[in-house]
Each structure stands twice: as C-alpha cells, then as structure tokens.
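As a plain string of letters, each chain reads:
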Amino acid sequence: MSANAKVAAAKAATTRAAAGKKPVTTTGRCQCRAIEYQFTGEPKWVMHCHCESCRRAVSSAVATYVGVRLEQFSYLQGEPTVYESSPGVKRYFCANCGSPMAYAGARWPGEVHLFHGTLADPGQWPPTGHAHVAEQVRWFEINDHLPRYAATAGKGAKPVRKGPKR
Ligand SMILES: [Zn+2]
Ligand SMILES: [Zn+2]
C-alpha cells in the first residue's frame with residue numbers, strides 16, 4: 001500500500017468509527033430515586049443562573065442547569081410534580097424527597113432545563129457560562145473564567161465580562 005493509500009484508508013476508518021459511534025447517554029435522579037431520567041447526546045448548553053426566581057426554586061445561591069431538547073430526554077422512572085412559579089414557567093420537583101428536578105419555560109419551547117445536581121456524574125457537562133449576574137448574590141463569586149451575562153445568554157447576548165468580579 002502506498003503512503004497516500006494508507007492515509008486514505010486511515011481516514012475512511014476514522015469516518016466509519018465516527019459514524020458508528022453511539023451518542024453518549026447521561027442519566028440523573030432525585031435524592032430518593034423515585035424519579036430517574038436520561039438524555040442522549042450532548043446538552044444544548046450548561047449554565048449557572050443567578051436570577052432570584054431560580055435562587056428561590058433551589059433555595060441556594062445559584063442554580064446550575066443542563067439544557068436539553070425534549071426529543072433527547074425521557075423519564076426512566078417516576079414523574080415529578082410541577083409548580084408554576086410565574087406564567088409560562090414550570091418547575092418540576094420530586095413530591096417524595098423534594099429535590100428540584102427541572103425547569104421548562106414558554107420562552108424556551110422544546111427544551112427542558114435539568115438541574116445539574118441531579119446528574120448521576122456531577123463531573124459530566126461542566127458549565128459554560130453565567131446568566132442573570134445582574135441579580136447575583138453579593139457575597140457569592142465563582143473563580144472561573146466563563147462569560148457572565150447580565151440577563152439571558154441566548155439570542156446574540158454579549159457578556160458583561162469574563163471571569164469573577166475584581
Ligand atoms: Zn425523590
Ligand atoms: Zn434563573
């Protein structure tokens with residue numbers, strides 16, 4: 001086999017491997033395991049949200065979300081209870097153990113935003129940015145170099161800065 005033919009053969013093998021590669025499956029659950037879910041493939045985005053509504057929903061300084069498309073997502077066990085925190089905003093939680101599970105908003109049709117803390121492996125899908133830092137708690141800062149958005153990160157929004165406040 002010539003050098004060129006070898007390169008071509010290696011390329012074809014790589015292409016076959018990529019095509020045959022199964023999409024990654026991510027699983028998650030509530031604390032008591034009454035509710036388990038999975039999604040296939042990569043999330044659309046992974047973000048920290050500092051808005052007051054999310055803060056109250058998780059009773060913590062920040063809420064971290066894994067945004068996936070509904071067609072990627074399914075429940076393996078149980079179904080959460082839903083609370084409408086504002087018109088068009090649904091917040092899902094386990095009625096048994098109280099774990100916040102997910103967010104779905106009319107502004108984000110076809111998506112479900114899972115709480116990062118429900119992932120089976122918390123090391124999976126690290127966050128890529130911070131939303132609603134205009135509402136960020138004053139004593140709370142994360143020392144990463146990710147972009148910070150005053151409000152949402154979507155629809156051509158420009159970050160107000162990258163990295164923590166100085
Ligand atoms: Zn539970
Ligand atoms: Zn929020």
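Our structure's up above, just so we're on the same page.
Being a predicted model, the structure only gives us computed values, none of them experimental.

Caption draft 1: Looking closely at the nonpolar core. Counting residues in hydrophobic clusters, the biggest one holds 26 residues, and the most contacted among them are Tyr 65, Met 101, Ala 102 and Leu 114. Within the residue set of this core, elements represented by two or more residues are strand E2 (36-40), strand E3 (45-49), helix H2 (52-58), strand E4 (63-69), strand E7 (89-93), strand E8 (100-105) and strand E9 (111-115). The biggest single contributor to this core is E4, with 4 residues.

Caption draft 2: How the structure looks around the sheet that holds strand E1 (residues 25-29). If you walk across this open sheet you meet the 3 strands as E1-E2-E5, and the pairing is antiparallel. Each having just a single partner strand, E1 and strand E5 (73-77) make up the two edges of the open sheet. Within this sheet the neighbouring strands show an average axis-to-axis angle of 25 degrees, counted without direction. With 4 bridges joining them, E2 and E5 adopt antiparallel strand pairing. The residue bridging Phe 39 from the neighbouring strand is Phe 73, located in E5.

Caption draft 3: Broad picture of unusual backbone geometry. Not every positive phi belongs to a glycine, and Trp 125 is a case in point at roughly 55 degrees. Since 19 C-beta atoms lie within 10 Å of it, Trp 125 is described here as partly exposed. Unlike most non-glycine residues, His 132 shows phi in positive territory, near 55 degrees. Position of His 132 among the secondary structure elements: in the loop between strand E10 (129-131) and strand E11 (147-148).

Rules used throughout
Position labels on residues start from 1 in each chain and follow its written sequence. Chains carry letters and ligands carry numbers; both start at the beginning, A for chains and 1 for ligands, and go up in the order they are written. Local features are withheld for residues below a pLDDT of 70 in this predicted model, meaning they are given only at 70 or higher, and side-chain atom pairs are given and counted only at 80 or more; totals for whole chains, interfaces and linings count all residues. To form a nonpolar core, buried Ala, Val, Leu, Ile, Met, Phe, Trp, Tyr and Cys residues must be joined through C-beta atoms within 7 Å. To sort residues by burial, count the other C-beta atoms lying within 10 Å of each one's C-beta; a count of 20 or more means buried, 12 or fewer means exposed, and anything in between means partly exposed. C-beta atoms are built from the backbone. The way it works is that DSSP assigns letters per residue, a run of H or I at least four long becomes a helix, a run of E at least two long becomes a strand, and they are numbered from the N terminus. Only strands that DSSP links by at least two bridges are regarded as paired with each other. In this analysis an axis means a line fitted to C-alpha atoms, helices contributing only their contacting stretch, and an angle means the value between N-to-C directions, from 0 to 180 degrees.

Function cannot be read off these values alone, since they describe shape.
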